[in-house]
Amino acid sequence: MAPLQVYYSGLLFTPRSSLLRVGYSKNIPWVTMELKVADVWSSLIQTLEGHADSVISVVFSPDGKLVASASYDTTVRLWDTSTGKQCGVLEGHTDWVYSAVFSPDGKLVASASKDKTVRLWDTSTGKQSGVLEGHTDCAYSAVFSPDGKLVASVHNETVILWDISTGKQCRVLEGHTDLVNSTVFSPNGNLVASTSFDITVRLWDTSTGKQCGVLEGHTDGVNSAVFSPDGKLVASASDDKTVRLWDASTGKQCGVLEGHTDFVNSAVFSPNGKLVASASDDKTVRLWDASTGKQCGILEGHTRQIDSAVFSPDGKLLASASKDNTIRLWDISTGKQCGVFEGHTRQVNSAVFSPHGKLVASASDDNTLRLWDASAGKRCGVLEGHTGHVNSVLVSPDGKLVASPSADQTVRLWDTSTGKQCGVLKGHTDRVTSAVFSPNGKLVASASFDKTVRLWDTSTGKQCGVLEGHTDRVQSAVFSPNGKLLASVSWDKTVRLWDTSTGKQSGVLKGHTDCIYSAVFSLDGKLVASASHDRTVRLWNTPTGKQCEVLEGHTGEVKSAVFSPNGKLVASASFDKTVRLWDASTGKQCGVLEGHTGWVNSAVFSPDGKFVASASWDNTVRLWDTTKKTTIEIIETHHLIEIVKFSNDGMHLHTSHGVLQLKSSLHSSGNRELPHTLTHSLYVTDQWITCNMKNLLWLPADYRPTCSALNNTANLLVIGSGCGRVIFISFDFTALPAAYLQPSVAVIAGKGFLELVGC
């Protein structure tokens with residue numbers, strides 16, 4: 001469909017030392033800045049794309065030839081591990097699928113779903129071979145017995161056993177007094193262990209369904225349990241920050257594994273049963289001697305919570321999956337990290353070794369599964385950059401710098417002429433949610449979950465102020481037009497004003513009854529408008545700090561607000577799917593702009609104040625006539641747009657994914673083609689960089705954007721990704737085919753306007 005673009009992409013993103021890049025990379029006339037890529041190939045083998053929502057779990061078939069993935073998109077998918085091709089879409093569930101598991105012989109897959117069913121699937125045909133109905137609420141998990149004759153599933157306060165030959169319910173295991181969250185068979189299949197928020201683990205006889213043990217001792221909810229390979233022990237992981245060991249035959253506690261400082265999410269025995277590994281929200285995996293209960297290793301390196309850990313089949317390696325978007329490999333003999341699998345752009349929900357131990361499969365909220373070479377887990381050709389999700393990229397007023405705030409607790413500065421990192425702004429102790437340049441570009445202000453705003457000198461990268469006072473996470477900060485004031489908004493329900501020259505607090509604006517999402521100054525700097533979860537916008541006088549008006553009318557939380565250029569109107573964007581217009585002097589509502597089918601994130605006035613552009617979760621940007629209160633253009637964005645801003649000439653929109661062309665303008669009557677001042681317009685969709693809405697360059701999965709920014713004067717596109725990369729691509733538009741330089745021009749016919757859907 002686009003062979004030349006894909007060919008160029010293949011060359012651009014190939015590692016520097018590869019023969020292909022060395023031999024052919026100079027034959028790409030479109031790109032003028034060398035793209036920063038790895039030196040050698042990484043351990044990533046395949047990125048398996050196809051799911052339309054988060055992938056929650058992944059599992060190998062017993063022979064390692066297939067992978068099954070369960071997703072919130074209501075499907076289970078089967079994949080060929082040798083080719084990465086999808087070989088089956090198991091459709092039938094009507095709600096989220098939480099887990100999937102192969103039968104011991106690999107002929108069946110059982111899936112558990114929010115739709116209250118467990119379904120059985122034939123792996124050779126992909127057809128549904130049974131629906132296990134009886135749950136009256138979500139089925140969170142399902143597991144086969146070792147002989148494959150039974151399936152156990154959890155449901156509210158019970159465990160249900162199903163006979164696979166008949167598909168009928170054969171046992172209901174009742175006794176828990178709160179939600180059951182996991183169940184597991186003993187190695188010989190005679191017992192089932194179930195864990196619950198009722199603070200207990202219970203053991204059940206599978207032949208009779210009778211309870212044969214209540215394992216009591218935890219002081220908070222129990223998240224999971226697992227039998228030792230010989231079936232003699234049970235290990236349970238709990239929110240009470242401990243792992244406990246139990247004698248499976250007597251139900252007596254025989255060990256309390258203490259050391260974690262936060263919830264323990266899971267525990268697992270090594271293949272020989274001598275070790276227990278536990279994964280915790282305290283960002284560590286801990287190793288314990290199963291016979292003595294003593295801690296024998298702390299595996300540190302993850303920067304966020306760890307949901308699960310798993311041993312390799314030979315017990316020499318351990319893989320841990322984390323909310324920091326990575327999988328890490330650990331050498332059990334030394335306790336040292338021996339590999340980091342980076343590339344997922346959102347949290348990793350699970351990871352598992354293949355039966356032969358050569359592969360690791362991971363499932364993520366970025367809608368993908370990935371297959372990794374477990375023998376080549378070392379970091380290969382790692383690029384300088386963030387180690388966490390990049391929240392935004394923004395260009396300085398003079399176009400010379402780019403700032404990128406990240407979940408890794410830093411802001412990084414980049415030189416736009418070279419694409420090289422020129423500063424790492426360290427000091428925050430939690431994720432940085434946003435950053436903003438001062439109007440003169442000499443300062444950067446960063447807002448963080450650590451409850452502070454920090455000021456940084458862009459010329460030196462040094463911290464020049466820590467603005468403390470908020471009592472909860474800070475969502476964002478914004479400079480006044482003259483740069484003398486900074487306004488910060490927080491979940492503590494306040495807006496705070498700060499003197500940027502001294503760093504001192506000059507005002508606390510109180511009145512909101514819930515967390516505040518954003519604030520904006522009027523052009524003269526005399527007013528601040530704040531948008532809140534409490535469904536209101538409030539106007540404040542900056543010299544006095546007093547509340548002027550409360551703009552009430554939205555039926556959902558308000559995400560953002562903005563003043564018109566003349567300061568007479570305020571536009572607010574809300575989760576009630578509307579944009580509302582308000583008189584800034586009286587606070588009265590003077591218009592409701594309806595049409596979006598999803599939450600509205602942001603709205604902005606055109607330079608002349610006659611239009612409003614709004615961005616929504618329905619993946620569209622709408623252009624509105626503020627006088628008639630009507631939609632005059634709809635642009636399909638293929639992306640959730642967080643920020644939208646008009647260009648100075650009002651003819652196009654700058655967004656968090658690049659520049660969008662506008663086809664519309666105000667005309668009194670008649671048929672005519674609309675003029676357009678742009679010769680090119682770069683925009684990033686899910687997989688493509690486009691020029692004037694035509695596919696220009698395909699982006700591999702690791703380089704796909706969470707955010708982007710455009711420096712028009714240099715034709716430079718900056719892309720931030722979920723895996724921490726910030727990449728710079730500069731284009732030579734004189735080398736592009738002529739078709740790319742011709743914007744698609746819309747025609748407005750007759751009186752009024754036609755709604756334009758798409759491009």
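Residues numbered from 1 in each chain as written. Predicted model: local features only at pLDDT ≥ 70, side-chain atom pairs only at ≥ 80, totals over all residues. Heavy atoms only, no water.

Caption draft 1: Seen up close, helix 1 (residues 3-12). Those residues of helix 1 lying buried are Gln5, Tyr8, Ser9, Leu11 and Leu12. Seen end-on, helix 1 carries its buried residues on one side only, within an arc spanning 160°. Looking at the packing, one finds that the buried side of helix 1 touches helix 2 (19-24), strand 62 (688-691) and strand 63 (694-698). (Buried < 20%, exposed > 50% of the residue type's maximum accessible area, 1.4 Å probe, protein only. Helix = DSSP H or I, 4+ residues; strand = E, 2+ residues; numbered from the N terminus. Arc of directions from axis to C-beta. Contact = heavy atoms within 4.5 Å.)

Caption draft 2: Just the pairing of strand 53 (residues 600-605), in detail. Taking burial as the measure, the six residues of strand 53 include six buried ones, the bulk of the element. Looking at chain direction, strand 53 and strand 54 (residues 611-616) are connected through five bridges and run antiparallel. Pairing of serine 602 across the sheet is with alanine 615, part of strand 54. Count of turn residues in the strand 53/strand 54 antiparallel hairpin: five residues, of which glycine 609 carries a positive phi of about 80°. (Pairing = 2+ DSSP bridges.)

Caption draft 3: Region of the structure containing the sheet that holds strand 65 (residues 716-721). Read across the open sheet, the three strands follow the order 64-65-66; overall the sheet is antiparallel. What marks the edges here is a single partner per strand, and that holds for strand 64 (705-711) and strand 66 (726-730). Each adjacent strand pair in this sheet contributes to an overall mean axis angle of 20°, direction not counted. (Axes fitted to C-alpha atoms, helices over the stretch in contact; angles between N-to-C directions.)

Caption draft 4: How the structure looks around the sheet that holds strand 31 (residues 359-364). As summarised here, the arrangement of the four strands in space is 1-32-31-30, forming an open sheet in which the pairing is antiparallel. With one partner strand each, in any of the chains shown, strand 1 (44-49) and strand 30 (348-353) form the two edges of the open sheet. Put simply, the sheet's adjacent strands are angled 15° from each other on average, direction ignored. Bridge analysis of strand 31 against strand 32 (residues 368-373) gives five bridges, and the strand direction is antiparallel. The partner of serine 362 across the bridge, within strand 32, is arginine 370.

Caption draft 5: Spotlight on the packing of aromatic side chains. Evaluated as defined, the whole model comprises eleven aromatic pairs. The interplanar angle of 15° and the centroid separation of 4.0 Å between the aromatic rings of tyrosine 72 and tryptophan 96 together place this pair among those described as stacked. Placement of the pair is tyrosine 72 in the loop between strand 3 (66-71) and strand 4 (76-80) and tryptophan 96 in the loop between strand 5 (86-90) and strand 6 (97-102), with a sequence separation of 24 residues. Here tyrosine 98 and tyrosine 140 contribute two aromatic rings whose centre-to-centre distance is 5.0 Å and whose plane-to-plane angle is 40°, an arrangement assigned as tilted. Of this pair, tyrosine 98 sits in strand 6 while tyrosine 140 sits in the loop between strand 9 (128-133) and strand 10 (142-144); the two residues are 42 residues apart in sequence, bridging distant segments of the chain. Its relative accessible area of 31% is what places tyrosine 140 among the partly exposed residues. Feature note: the residues Tyr72, Trp96, Tyr98 and Tyr140 constitute an aromatic cluster, connected by ring pairs. The ring of tryptophan 96 has lysine 114 sitting right over it, with the charged end atom 4.4 Å from the ring centre. Positioned above the aromatic ring of tryptophan 491, the side-chain terminus of arginine 473 is 4.2 Å from the ring centre. (Phe/Tyr/Trp six-rings, centres within 6.5 Å; stacked < 30°, edge-to-face > 60°. Lys NZ or Arg CZ within 6 Å of the ring centre and 35° of its normal.)

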